[in-house]
Amino acid sequence: MKVLITAGPTREKLDAVRFLTNRSTGKMGYALAEAARDAGHTVTLVSGPVTLPFPAGIELIFVESAAEMAEAVKERAAQMELIIMCAAVADYRPKQIHLGKLKKQPGNFLLELERTEDILSTLGASKVAGQILVGFAAETDDLLTNAAQKLKAKNLDWICANDVSRSDIGFGSDENAVTLLGQDSRRYGIGPDTKRAVAEAILEIVTDSGR
Ligand code: CTP
């Protein structure tokens, strides 16, 4: 299959020396890309800034911001049979980017943020027939309820509910555990296990059982 996977955080610039980002390290997305490659798929990986080694045999596209990730993904989405949005995409970016370095002033500083595009919602709204669309739901509370809502709201085939409040399986860790929710209330518990093993299990389910 032609597979597109996104991984890592995004960086939203504030000025010449500062940006907003999050704790994603890209490990889960890279594990998915490598597992998909090893299962014989043709893989494109759209990656935010990470410090992981470049995986061989994968088309790798580096982006920084949510807007750049949206462009890279949307450009390629129509040709893809499976898309897994594993990236931790920023929901907001600074409304104004200052060209130079912002100087400090006396008193507090109010930063105005504007929404970024929800890439997965865009993909869900214009889904190609037969395409399998998979999201991740990073939650600290009400994991399965929130994940099920995202599955429906974004018109996905599958969503991996990921409890990011646990330090043993959360951001940066080498292990993960997810509950994979499908339409018609299908539900699979995966892990805790290495991110590579979790990736293999996710791929097996979403490619074998289709939607
Ligand atoms: N996502 C996306 N574009 C965004 C934000 C998120 O494509 N601007 C994708 C993520 O890659 C993930 C899914 O949407 O696959 C859910 O992301 P998550 O951060 O869990 O949820 P949000 O939709 O951002 O909702 P909230 O922040 O309210 O939990």
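To keep things clear, this report deals only with the structure shown in the data block. (Residues numbered from 1 in each chain as written. Predicted model: local features only at pLDDT ≥ 70, side-chain atom pairs only at ≥ 80, totals over all residues. Heavy atoms only, no water.)

## What about the overall build of the protein?
No. 1: Counting secondary structure elements, the protein contains 5 helices and 12 strands.
No. 2: Taken along the three principal axes of its C-alpha coordinates, the protein extends 60 × 35 × 35 Å.
No. 3: Going through the 211 residues of the protein one by one, you find that 45% of them count as buried.
No. 4: Within the protein, residue pairs in contact and separated by at least 24 positions form 59% of the contacts whose partners lie at least 6 positions apart.
No. 5: Of the roughly 10,900 Å² that the protein leaves accessible, carbon and sulfur atoms contribute 49%. (Helix = DSSP H or I, 4+ residues; strand = E, 2+ residues; numbered from the N terminus. Buried < 20%, exposed > 50% of the residue type's maximum accessible area, 1.4 Å probe, protein only. Contact = heavy atoms within 4.5 Å. Areas by Shrake-Rupley, 256 points an atom, 1.4 Å probe, with all protein chains shown as cover.)

## Focus: the sheet that holds strand β1 (residues 2–7)
Each strand in a sheet pairs with another by means of backbone hydrogen bonds, the pair being arranged parallel or else antiparallel.
No. 1: Read from one edge of the open sheet, 8 strands run β5-β4-β1-β6-β9-β10-β11-β12, paired in mixed fashion. Where the open sheet ends on each side, the last strands, each with one partner, are β5 (59–62) and β12 (187–194). Along the sheet, successive strands turn relative to each other by an average axial angle of 15 degrees, direction set aside.
No. 2: Where strand β11 (residues 175–182) meets β12, 6 bridges bridge the pair, whose relative direction is antiparallel. Bridge pairing in β12 links Leu181 to Arg187. (Pairing = 2+ DSSP bridges. Axes fitted to C-alpha atoms, helices over the stretch in contact; angles between N-to-C directions.)

## Let's talk about the site of the ligand
No. 1: Near the ligand lie 16 residues; those nearest to it are Met85, Ala87, Phe136, Lys150 and Lys154.
No. 2: Lys150 places a polar side-chain atom, nitrogen or oxygen, 2.7 Å from an oxygen atom of the ligand.
No. 3: Here an oxygen atom of the ligand and a side-chain polar atom of Lys154 are 2.5 Å apart.
No. 4: Ranked by residues supplied to the shell around the ligand, first place goes to strand β9 (residues 132–139) with 4 residues.
No. 5: Split by residue class, the shell around the ligand holds 9 nonpolar, 2 polar and 5 charged. (Near = heavy atom within 4 Å. Polar contact = N/O pair within 3.5 Å; in protein donor to acceptor, adjacent residues only side chain to side chain. Nonpolar A, V, L, I, M, F, W, Y, C, P; charged D, E, K, R; others polar.)

## Concerning the pairing of strand β6 (residues 82–85)
No. 1: Neither face of β6 is exposed, since Leu82 and Ile84 on one face and Ile83 and Met85 on the opposite face are all buried.
No. 2: As judged from the 4 bridges shared by β1 and β6, these two strands associate in the parallel manner. If you follow Val3 over to β6, its bridge partner there is Leu82.
No. 3: Relative to β9, β6 is paired through 4 bridges, and the arrangement is parallel. Bridge assignment links Met85 to a residue of β9, and that residue is Gly135.

## Comments concerning the pattern of salt bridges
No. 1: Inspection of the entire model under this criterion finds 14 salt bridges.
No. 2: Its salt-bridge partner being Glu112, residue Lys95 comes within 3.7 Å of it at the nearest N-O pair. Taken together, the residues Lys95 in the loop between β7 (92–94) and β8 (113–115) and Glu112 in the loop between β7 and β8 connect sequence positions 17 residues apart.
No. 3: With a closest N to O distance of 2.5 Å, Glu139 and Lys150 form a salt bridge. Taken together, the residues Glu139 in strand β9 and Lys150 in helix α4 (residues 143–153) connect sequence positions 11 residues apart.
No. 4: Classification of Lys150 by relative accessible area gives partly exposed; the value is 26%.
No. 5: Salt bridges sharing common partners tie together Arg37, Asp38, Arg196 and Glu200. (Salt bridge = Lys/Arg side-chain N within 4 Å of Asp/Glu carboxyl O.)

## Here we look at the packing of aromatic side chains
Centre distance and the angle of the planes are the two values used to describe a pair of aromatic rings.
No. 1: Evaluated as defined, the whole model comprises 2 aromatic pairs.
No. 2: When the ring of Phe54 is compared with that of Phe62, the centres are 5.5 Å apart and the planes differ by 50 degrees; the resulting orientation is tilted.
No. 3: Overall, the relative accessible area of 63% leaves Phe54 in the exposed class.
No. 4: Under the relative-accessibility criterion, Phe62 is labelled partly exposed at 41%.
No. 5: Aromatic side chains Trp158 and Tyr188 sit 6.0 Å apart centroid to centroid with 50 degrees between the ring planes, which places their arrangement in the tilted category. (Phe/Tyr/Trp six-rings, centres within 6.5 Å; stacked < 30°, edge-to-face > 60°.)

## What about a nonpolar patch on the surface?
No. 1: A cluster of nonpolar residues, Leu20, Tyr92, Phe109, Leu111 and Leu113, forms a patch on the protein surface that exposes about 450 Å² of accessible area.
No. 2: The class of Phe109 is exposed, set by a relative accessible area of 54%. (Patch = residues over 30% accessible without salt bridge, like charges linked within 9 Å, V, L, I, M, F, W, Y side chains within 5 Å.)

## Quick word on the environment of Ile97
No. 1: Structurally, Ile97 is set in the loop between β7 and β8.
No. 2: For the pair Ile97 and Gly130, spaced 33 residues apart in sequence, the C-alpha to C-alpha distance is 40 Å.
No. 3: For Ile97, the contacting residues outside a window of four places in its chain are Lys13 and Leu14.

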